[in-house]
Amino acid sequence: MGKIVAANWKMNLRRRSACELAAALKTDGRECWLFPGFPLIAPVADTLIGGKVKLGAQDVSPEQDGAFTGDVSAEMLEDAGCEMVLVGHSERRHIHGEDDALLLAKLKRAVEAGLKPLYCVGETLKQREGGKATEVVKSHLAILSEMGGADRACAVAYEPVWAIGTGETATPEQAGEMHAFIRSELTKQGLGQLPILYGGSVKPDNAHALMTQPHVDGVLVGGASLKLDSLRAIDDIAREIG
Ligand code: PEP
C-alpha cells in the first residue's frame, strides 16, 4: 500500500465547499480518506460515487439505537456511506473528556457495525516534558488489545496533542521515534500490519520529511486539508514517495 493521506475536516466547511473539494479529488483520481462533519457525509458520499476516495466520520456513538439524543450510530454512518470512523481524537479526549472506557465501547461498536476505526493516540506537552510520552501512548494503545477485532481497524494515528492545530510539528525524528515505538507495541498485540499515520500541523512543506520516516505510513491532516491546493500538494508528495 502507498502512503495514506487522511483529511480531518473537523467542524469546518459547508455542503457546497465540501462537495466541491470532494468532486475535485475524485476527478483527480485520488485515493485519500475524507472525514467530514456529520451533515456533510451524505452529500459528500453522493459526490464521491464512482471514485477512489474513501469516507469516514469524526465520531460514533457507543450505543446501537434508541433514546440517545444527539448521538449518531455506527449503522447510521455506514448507511450514509462511511467505511471508517475516527476514535480517540485528542479533541474528543480532552475537550469532551472521553476516557478509555468510552473509547473502548466506541471501538467495539464501530467494528461490530462493519466500520473501520482510525484510532488516534498521543501525549500532551506536559506529558512529553515530564518524560511520559511513550507511557501515555502505550496506555492509549492498550485498549486495542481489549476490543477484539482490532485487526479490522484501518489505521492508528500518532497525533501529539501539542502539535495539533498549533502550527508546531513534531520533528521528523520525534515522529519516527514514536512511530517505531507504536509499531513495536502493535506487533506485540499481533497488529503489526496496521498502518500508522502521523498527525499534527502537517503541511506541504513538512509532509515529505515526515512521510519518509520509517514506520510513518501516511498522514492525518487537519487545517491543511481544508484547501484543495494544500491537500493536493500533500497527496502528490505521498504518491511520489509511493
Ligand atoms: C487533526 O486534528 O487530526 C490534525 C492533525 O489537525 P492539524 O493538521 O490542523 O494540526
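The structure contained in this document is the topic of the report that follows. (Residues numbered from 1 in each chain as written. Predicted model: local features only at pLDDT ≥ 70, side-chain atom pairs only at ≥ 80, totals over all residues. Heavy atoms only, no water.)

### Quick look at the overall build of the chain
- If you tally the helices and strands in the chain, you get 11 helices and 8 strands.
- In terms of C-alpha radius of gyration, the chain reaches 17 Å, essentially the compact-globule figure of 18 Å for 242 residues.
- Projected onto its principal axes, the C-alpha positions of the chain cover 45 × 45 × 30 Å.
- For the chain, the proportion of its 242 residues judged to be buried stands at 53%.
- Long-range contacts, defined as pairs at least 24 residues apart, comprise 71% of the intrachain contacts of the chain with a sequence gap of at least 6.
- Taken as a whole, the chain presents about 10,700 Å² of accessible surface, with 51% of it coming from carbon and sulfur.
- Taking the average place of the 26 positive charges on the side chains of the chain and the average place of its 33 negative ones, the gap between the two points comes to 2 Å. (Helix = DSSP H or I, 4+ residues; strand = E, 2+ residues; numbered from the N terminus. Rg over C-alpha atoms; globule rule 2.2 N^0.38 Å. Buried < 20%, exposed > 50% of the residue type's maximum accessible area, 1.4 Å probe, protein only. Contact = heavy atoms within 4.5 Å. Areas by Shrake-Rupley, 256 points an atom, 1.4 Å probe, with all protein chains shown as cover. Lys, Arg positive; Asp, Glu negative; His and termini not counted. Charge placed at Lys NZ, Arg CZ, Asp CG, Glu CD.)

### Observations concerning the sheet that holds strand 5 (residues 116–121)
- Spatially, the 8 strands close up into a barrel ordered 1-2-3-4-5-6-7-8, and their pairing is parallel. Taken over all neighbouring pairs, the strand axes of this sheet differ in orientation by 25 degrees on average, direction set aside.
- Of the pairings in the sheet, the one linking strand 3 (residues 54–57) to strand 4 (residues 84–87) comprises 2 bridges and is parallel in character. Bridged to A57 within strand 4 is V85. (Pairing = 2+ DSSP bridges. Axes fitted to C-alpha atoms, helices over the stretch in contact; angles between N-to-C directions.)

### Overview of the pattern of salt bridges
- Using the criterion set out here, one finds 17 salt bridges in the structure.
- The shortest N-O distance in the salt bridge between E20 and R16 comes to 3.4 Å. You can see E20 and its partner R16 sitting in helix 1 (residues 15–28), 4 residues apart, about one turn around the helix.
- Its relative accessible area of 48% is what places E20 among the partly exposed residues.
- For the salt bridge of D28 with R30, the shortest nitrogen-to-oxygen distance reads 2.6 Å. (Salt bridge = Lys/Arg side-chain N within 4 Å of Asp/Glu carboxyl O.)

### Details of the packing of helix 1 against helix 2 (residues 38–48)
- Packing of helix 1 against helix 2 brings their axes to within 9 Å, and their N-to-C directions diverge by 30 degrees. Viewed along their axes, helix 1 and helix 2 adopt a mutual orientation that is roughly parallel. Relative to helix 2, the crossing made by helix 1 is right-handed. Contact residues: helix 1 offers R15, A18, C19, A22, A23 and K26, while helix 2 offers L40, P43, V44, T47 and L48.
- Taken together, the residues of the contact of helix 1 with helix 2 break down into 8 nonpolar, 1 polar and 2 charged. (Parallel < 35°, antiparallel > 145°, perpendicular 65-115°, else oblique. Left-handed = near helix turned anticlockwise from the far one by under 90°. Nonpolar A, V, L, I, M, F, W, Y, C, P; charged D, E, K, R; others polar.)

### Things to note about the site of the ligand
- For the ligand, the set of nearby residues contains 14 residues, the closest of which are K10, H89, E159, G165 and S201.
- The contact in question runs from an oxygen atom of the ligand to an N or O atom on the backbone of G165, over 2.6 Å.
- S201 has a polar backbone atom sitting 2.8 Å from an oxygen atom of the ligand.
- Looking at side-chain class alone, the shell around the ligand contains 4 nonpolar, 8 polar and 2 charged residues. (Near = heavy atom within 4 Å. Polar contact = N/O pair within 3.5 Å; in protein donor to acceptor, adjacent residues only side chain to side chain.)

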